[in-house]
Amino acid sequence: MKPAIERYPIEVFGTVYNDNSKQAILQREQQFCPFIGRQCNKPRKSEPEVKVGICSLGYKNFDNDFEPMIICPNRFLEGIVFDTIKQKFFPTWKPEQTKWIKGVNLGVGGNVDFVASKISENNDSVEDFLCVEFQANGTTGSPYGYVKDLISNGCYSEKYTYGLNWANEFMKTMMQQVYKKGNIVAHWGRKIVFVIQDTAMEYLYHTVDTSELRECMEDPIHFFTYKIIWNDEKCKFELCHSGWKSADLHGINTILAGANLEKYLTPEDFISNIEAKGKADGILNNDRN
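A quick note: this is a predicted structure, and the numbers were derived from the prediction, not measured.

*Asks:* What is the right way to read unusual backbone geometry from this model?
*Replies:* Trans is the common state for peptide bonds, and a negative phi is the common state for residues other than glycine. Of note in the backbone geometry, Phe13 takes a positive phi value of approximately 50° without being a glycine. For Phe13, the position within the fold is in the loop between strand E1 (9-12) and strand E2 (15-16). Within the chain, Asn123 stands out as a residue other than glycine whose phi angle is a positive 65°. On the secondary structure map, Asn123 appears in the loop between strand E8 (111-119) and strand E9 (126-134).

*Asks:* Would you mind showing me how to read the sheet that holds E9 here?
*Replies:* Two strands in a sheet stick together by hydrogen bonds in their backbones, pointing the same way (parallel) or opposite ways (antiparallel). Strands sit in the order E7-E8-E9-E12-E13-E14 across an open sheet of 6 strands; the sheet is mixed. Every other strand in the sheet has two partners, leaving strand E7 (98-105) and strand E14 (236-247) as the edge strands with one partner each. Neighbour-to-neighbour, the strand axes of the sheet open up by a mean angle of 30°, direction not taken into account. With 6 bridges joining them, strand E12 (residues 192-197) and strand E13 (residues 221-231) adopt parallel strand pairing. Across the sheet, residue Val193 finds its bridge partner in E13, namely His222.

*Asks:* Quick question: what am I supposed to make of the sheet that holds strand E6 (residues 66-70) here?
*Replies:* The strand order E2-E1-E5-E6 describes an open sheet built from 4 strands, whose pairing is antiparallel. What marks the edges here is a single partner per strand, and that holds for E2 and E6.

*Asks:* Help me out: how do you make sense of the pattern of salt bridges in this one?
*Replies:* Side-chain pairing between opposite charges can occur once the charged atoms of the two side chains come close. Evaluated as defined, the whole model comprises 12 salt bridges. Within this structure, Glu11, Arg75 and Glu78 form a network of salt bridges that share partners.

*Asks:* I tried to follow a nonpolar patch on the surface on my own but got confused; where do I start?
*Replies:* On the surface, Leu265, Phe270, Ile271 and Ile274 cluster together into a nonpolar patch covering about 390 Å² of accessible area. One can find Ile271 in helix H7 (residues 267-280).

*Asks:* Would you mind going over the packing of helix H4 (residues 166-188) against helix H6 (residues 249-256) with me for this structure?
*Replies:* Pairs of packed helices are described in terms of their axes, by the angle between the two and the distance that separates them. At a minimum axis distance of 10 Å, the contact between H4 and H6 shows a crossing angle of 160°. In terms of axis orientation, H4 runs roughly antiparallel to H6. Remark: the crossing between H4 and H6 carries left-handed chirality. Facing H4, whose interface residues are Met171, Met175, Gln176, Val178, Tyr179, Gly182, Asn183 and Ala186, H6 presents Leu249, Ile252, Asn253, Ile255 and Leu256. In the contact of H4 with H6, the residues fall into 9 nonpolar, 4 polar and no charged.

*Asks:* Whenever I open this one, the pairing of E1 confuses me. Can you help?
*Replies:* One face of the sheet, then the other: side chains in a regular strand alternate in exactly this way. In this sheet, strand E5 (residues 54-60) lies alongside E1 in antiparallel orientation, the contact comprising 3 bridges. Directly across from Pro9, in E5, lies its bridge partner Leu57. In this sheet, E2 lies alongside E1 in antiparallel orientation, the contact comprising 2 bridges. Its bridge partner lying in E2, Glu11 is registered against Val16.

*Asks:* Is there a simple way to explain the side chain of Gln27 in this structure?
*Replies:* Within the secondary structure, Gln27 is located in helix H1 (residues 22-30). We classify Gln27 as buried; its relative accessible area is 11%. Among residues more than four places away in sequence, those in contact with Gln27 are Phe13, Gly14, Thr15, Phe32 and Pro34.

*Asks:* Would you mind showing me how to read the packing of aromatic side chains here?
*Replies:* Ring pairs (aromatic) are described by centroid distance and by the angle formed between their planes. Applying the stated rule across the entire model yields 24 aromatic pairs. Ring centres of Phe90 and Trp100 lie 6.1 Å apart, and the angle between their planes is 55°; on these two criteria the pair is classed as tilted. Of the two residues, Phe90 sits in the loop between helix H2 (79-89) and E7 while Trp100 sits in strand E7, which places them 10 residues apart along the sequence. Taking 6.2 Å as the distance between ring centres and 40° as the angle between the ring planes, the aromatic pair formed by Trp166 and Phe170 counts as tilted. A residue pair is termed a helical-turn pair when its members lie 3 or 4 positions apart in one helix, as Trp166 and Phe170 do in helix H4 at 4 residues. Across the pair, Phe170 and Trp166 agree in class, each one buried. Through a chain of ring-to-ring contacts, three or more aromatic side chains come together here, namely Phe76, Phe82, Phe90, Trp93, Trp100, Phe114 and Phe134. Note that Arg7 overlies the ring of Tyr162, its terminal NZ or CZ placed 5.5 Å from the centroid. One residue, Lys88, lies across the ring of Trp244, its end atom 3.8 Å from the ring centre.

What counts as what
Residues numbered from 1 in each chain as written. Predicted model: local features only at pLDDT ≥ 70, side-chain atom pairs only at ≥ 80, totals over all residues. Heavy atoms only, no water. Helix = DSSP H or I, 4+ residues; strand = E, 2+ residues; numbered from the N terminus. Pairing = 2+ DSSP bridges. Axes fitted to C-alpha atoms, helices over the stretch in contact; angles between N-to-C directions. Salt bridge = Lys/Arg side-chain N within 4 Å of Asp/Glu carboxyl O. Patch = residues over 30% accessible without salt bridge, like charges linked within 9 Å, V, L, I, M, F, W, Y side chains within 5 Å. Areas by Shrake-Rupley, 256 points an atom, 1.4 Å probe, with all protein chains shown as cover. Parallel < 35°, antiparallel > 145°, perpendicular 65-115°, else oblique. Left-handed = near helix turned anticlockwise from the far one by under 90°. Contact = heavy atoms within 4.5 Å. Nonpolar A, V, L, I, M, F, W, Y, C, P; charged D, E, K, R; others polar. Buried < 20%, exposed > 50% of the residue type's maximum accessible area, 1.4 Å probe, protein only. Phe/Tyr/Trp six-rings, centres within 6.5 Å; stacked < 30°, edge-to-face > 60°. Lys NZ or Arg CZ within 6 Å of the ring centre and 35° of its normal.

Right under this line is the structure:
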């Protein structure tokens, strides 16, 4: 049965929060991540030896329903992600000549998460490639108290406060990477794919001008979206490919410019915001009289 989803971690060290099987307990105790096949590589800042372990957590989507939100990029390391990218972008590459190489340096663009590489038949050179980046959401506040509860008690015993940092992760971080790395691959005449959850694309739709996004294989920049769904037979959450959008550099510039004009505040609305914040901070009087 699908577990209840509310405002708490849904997957911890690759296990559903209400799974108290021996295997699940062992993974939590060993801080093991099944997506990378070793100990979780996301340490707490204050305790580097302690791993955060949260793959996804509950938060309301844009339909006001709770669903798991991926906050660790390792959560995208499911076979379906690599399979759907292969089917879309290089279906004719032979399996034995297709290699995924991690963390390749782009020069001034930094590293790229993965590069799908077409290897020569004698396995000593690269004939073609596709760049792939993963982008998860991030948190404000700390949901780690839930992890401590789960490891200690096998359940959540208290409530802890956290939020999701949509703007930082998907505009400040991802879109800057899209612009920087997108310019490089466009200059090469190649392509880059950004793998994100469907809710991340919904965030962009709701906050910035996405009117230039389209579905064009000739574009250098592509967004592949995945939805996280419950598999009742396997009693776990899995990824499902849910969409594809593309853009040229002009389309990315449109997104980086921010919201479209219809979503701009009026000067009067902004003044109201200034006054409300000034009063909340004690800078302005609450009573005009």
